[in-house]
Amino acid sequence: MTKQNDVVERVLELIDGLPVGDAIPSERQLSSDLGVSRPTLRAALEGLVRGGYLVRRQGSGTFVGRPKIAQELTITSFSEDMRRRGMAPSSRTIELRVTTAGARLGQVLHVSPGEPIVVATRLRLADGDTMAIETLHIPSALVPGLRAKDLESGSFYDLLEQRYGIVIVSGIQTIEPTVTNEEESAALGVPLHSPAFLFERTSRARSGQIVESVRSIYRGDRYKLVTELSPNAGRELAGRSGSGHGVDNDQRRLQAAAEGGGT
Ligand code: GLP
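Residues numbered from 1 in each chain as written. Predicted model: local features only at pLDDT ≥ 70, side-chain atom pairs only at ≥ 80, totals over all residues. Heavy atoms only, no water.

## Regarding empty space enclosed by the protein
Applying the stated criterion across every chain, the model contains one cavity of 30 Å³ or more. Lining the largest cavity are 22 residues, with Thr-76, Phe-78, Glu-134, Arg-201 and Tyr-218 sitting closest to its centre. For the lining of the largest cavity, the secondary-structure elements that each account for two or more residues are strand S3 (69-72), helix H4 (78-84), strand S5 (116-126), strand S6 (129-139), helix H6 (156-164), strand S8 (195-205) and strand S9 (210-219). Ranked by residue count, the leading element in the lining of the largest cavity is S9, at four residues. Tallied by class, the residues present in the lining of the largest cavity amount to eight nonpolar, seven polar and seven charged. (1 Å grid on protein atoms, 1.4 Å probe; cavity = no way out; pocket = protein on both sides within 12 Å on 5 of 7 lines; lining within 4 Å. Points joined across faces, edges and corners; volume = space filled by probe spheres on them. Helix = DSSP H or I, 4+ residues; strand = E, 2+ residues; numbered from the N terminus. Nonpolar A, V, L, I, M, F, W, Y, C, P; charged D, E, K, R; others polar.)

Below, the structure written as C-alpha cells:
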C-alpha cells in the first residue's frame, strides 16, 4: 500500500505541469523509470484514472486528465462558481413536477405535508461537460409559474432574485461520499458506480425562510472540496475552562442545524 502511494505521488509529480491531454510514458517505460513492478504501477495508475488525474483511451494510451475543480464550501450558485472559473455554465431540465411535500420534506422546508412543492431535476454542465445532477425541492407558493425552461436559461438563484424577489443568503449543507447509480451514470456519462459527492443543501432567504432543499450528485473525478480551517473556538474555550464540552456543543449545534433544527 505504501509502495503504491509512493508511486501515485511520483506519477503526480511527473504529470504536474504537463498540459491536459498529453500522453504519459508507457507502463513498461514507467515501471523501469520508477523501479517498481508492473502490478504496483498498474494499481497506482488505476487509482489515478479513477480520480480523474489520468484518462485512459482504449488502444491509444494514458493521458493527463483535467485538473479537478476546487469547490469552496460557500452558498454560491453553480452558475456563479463556474463563471468565476472562466467556464460557461448551462443546464438541462430532466424533469419538473409538482407534488405534495409529504412529512419529511415538509419538515425540512417548514411547510405542511399537504403543501404543493416543485421538484426539478437538472443536469448541470460547464463548457458543455457534465458536472452534476441536482434535484431542487421548493414550496410552489414561492415560485408561481416556474417552468422547466426557466431553469435552463440561466441561474436559479438569479431567477429567484429577479423574478420572485428572493435572495438566498445562508444555508446548511451536508457532504457524503457516494457512487453513481444507473440513472446518474447515464445522465453524467460516467461508468456505473463512479465516485461522486452527495451534497444536501437547505437554503434560507434573508427573511430566514427556507427556500430550497437540494440533493446534488457532483462528479468525483471533476471536483475536490476545499475549505479554510477557521480557529477552533470550542477547543480554545475547552482549554480555558478545562472541560471538553465546547467541542461537543459545537458538534451538537452543527448536527441540529444539519437536521433542519436551525441554530
Ligand atoms: C449549487 C447548489 C444548489 C443550488 C444551485 C443553484 O449547485 N448545490 O443547491 O440550487 O447551486 O445554482 P444556479 O443558480 O446556477 O441554478
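## Description of the packing of helix H2 (residues 27-34) against helix H3 (residues 38-50)
Any two packed helices are characterised by how steeply their axes cross, that is the angle between the axes, and by the distance between the axes. One way to put it is that H2 packs onto H3 with a least axis distance of 9 Å and a crossing angle of 110°. Considered as vectors, H2 and H3 are oriented roughly perpendicular to each other. Contacts between H2 and H3 involve Glu-27, Arg-28, Leu-30, Ser-31 and Leu-34 from the first element and Arg-38, Leu-41, Arg-42 and Leu-45 from the second. Its residues placed into classes, the contact of H2 with H3 shows four nonpolar, one polar and four charged. (Axes fitted to C-alpha atoms, helices over the stretch in contact; angles between N-to-C directions. Parallel < 35°, antiparallel > 145°, perpendicular 65-115°, else oblique. Contact = heavy atoms within 4.5 Å.)

## Thoughts on the environment of Val-143
With respect to the secondary-structure elements, Val-143 resides in the loop between S6 and H6. Separated by 21 residues in sequence, Val-143 and Tyr-164 have C-alpha atoms that sit 6.7 Å apart. Among all residues touching Val-143, those that are not within four sequence positions of it are Val-118, Ile-138, Leu-160 and Tyr-164.

## With respect to a nonpolar patch on the surface
Together, Leu-73, Ile-175 and Leu-225 line one region of the surface with nonpolar side chains, adding up to about 200 Å² of accessible area. By the secondary structure assignment, Leu-225 is in strand S10 (residues 223-226). (Patch = residues over 30% accessible without salt bridge, like charges linked within 9 Å, V, L, I, M, F, W, Y side chains within 5 Å. Areas by Shrake-Rupley, 256 points an atom, 1.4 Å probe, with all protein chains shown as cover. Salt bridge = Lys/Arg side-chain N within 4 Å of Asp/Glu carboxyl O.)

## Let's talk about the nonpolar core
Ranked by size, the top nonpolar core spans 18 residues in total, and within it Ile-138, Val-143, Leu-146, Leu-160 and Val-211 carry the most contacts. Listing elements by their share of this core, those giving two or more residues are S5, S6, H6 and S9. When residues of this core are assigned to their parent elements, the largest contribution, five residues, is made by H6. If you look at the next biggest cluster of nonpolar residues, it comprises 14 residues, including Val-7, Ile-24, Leu-41 and Val-64. (Core = buried A, V, L, I, M, F, W, Y, C linked by side-chain atoms within 4.5 Å. Buried < 20%, exposed > 50% of the residue type's maximum accessible area, 1.4 Å probe, protein only.)

## Some words on the confidence of the model for the protein
Per-residue confidence for the protein averages 88 on the pLDDT scale, and 89% of its residues sit at or above 70. The weakest mean pLDDT in the protein belongs to helix H9 (residues 245-258) at 52; the strongest belongs to S5 at 97. In this model, residues 242-247 is a region of pLDDT below 50 whose contacts with residues beyond four sequence positions or in other chains number five contacts. (pLDDT = per-residue confidence, 0-100.)

## A short note on the site of the ligand
Around the ligand lies a shell of 15 residues, among which Ser-79, Glu-134, Ser-155, Phe-156 and Tyr-218 are the nearest. At 3.0 Å from an oxygen atom of the ligand is found a main-chain nitrogen or oxygen belonging to Phe-78. Here an oxygen atom of the ligand and a side-chain polar atom of Arg-122 are 3.0 Å apart. Here the ligand has 400 Å² of accessible area as a free molecule, and 98% of this is covered by the chains. A molecule is said to occupy a pocket when more than half its atoms come within 2 Å of that pocket's grid points, and by this definition the ligand occupies the largest cavity. Where the shell around the ligand is concerned, the elements lending two or more residues are H4, S5, S6, H6 and S9. Sort the elements by how many residues they give to the shell around the ligand and S9 lands first, with four residues. Looking at the shell around the ligand residue by residue, the class counts come to six nonpolar, four polar and five charged. (Near = heavy atom within 4 Å. Polar contact = N/O pair within 3.5 Å; in protein donor to acceptor, adjacent residues only side chain to side chain. Sits in = over half its atoms within 2 Å of the grid points.)

## Focus on the sheet that holds S5
Taken in spatial order, the six strands make up an open sheet running S4-S5-S6-S9-S8-S7, and their pairing is antiparallel. Only two strands of the sheet have a single neighbouring strand rather than two, namely strand S4 (89-100) and strand S7 (168-179). Between one strand axis and the next, the sheet turns through 15° on average, direction left out of account. In this sheet, S8 lies alongside S7 in antiparallel orientation, the contact comprising 11 bridges. Following the sheet pairing, Thr-178 is matched in S8 by Ala-196. Contacting S5, S6, S7, S8 and S9, H6 crosses the sheet at an angle of about 160° to S9. (Pairing = 2+ DSSP bridges.)

## Describing the layout of surface pockets
If you roll a probe as big as a water molecule over the atoms, it shows you where there is empty space left. Here the largest pocket is characterised by a volume of approximately 450 Å³. Lining the largest pocket we find 24 residues, and of these Val-49, Arg-50, Pro-191, Arg-219 and Asp-221 sit closest to its centre. Of all the secondary structure elements, the ones that give two or more residues to the lining of the largest pocket are H3, strand S1 (54-57) and S8. The element best represented in the lining of the largest pocket is S1, accounting for three residues. When its residues are assigned to classes, the lining of the largest pocket shows 10 nonpolar, eight polar and six charged.

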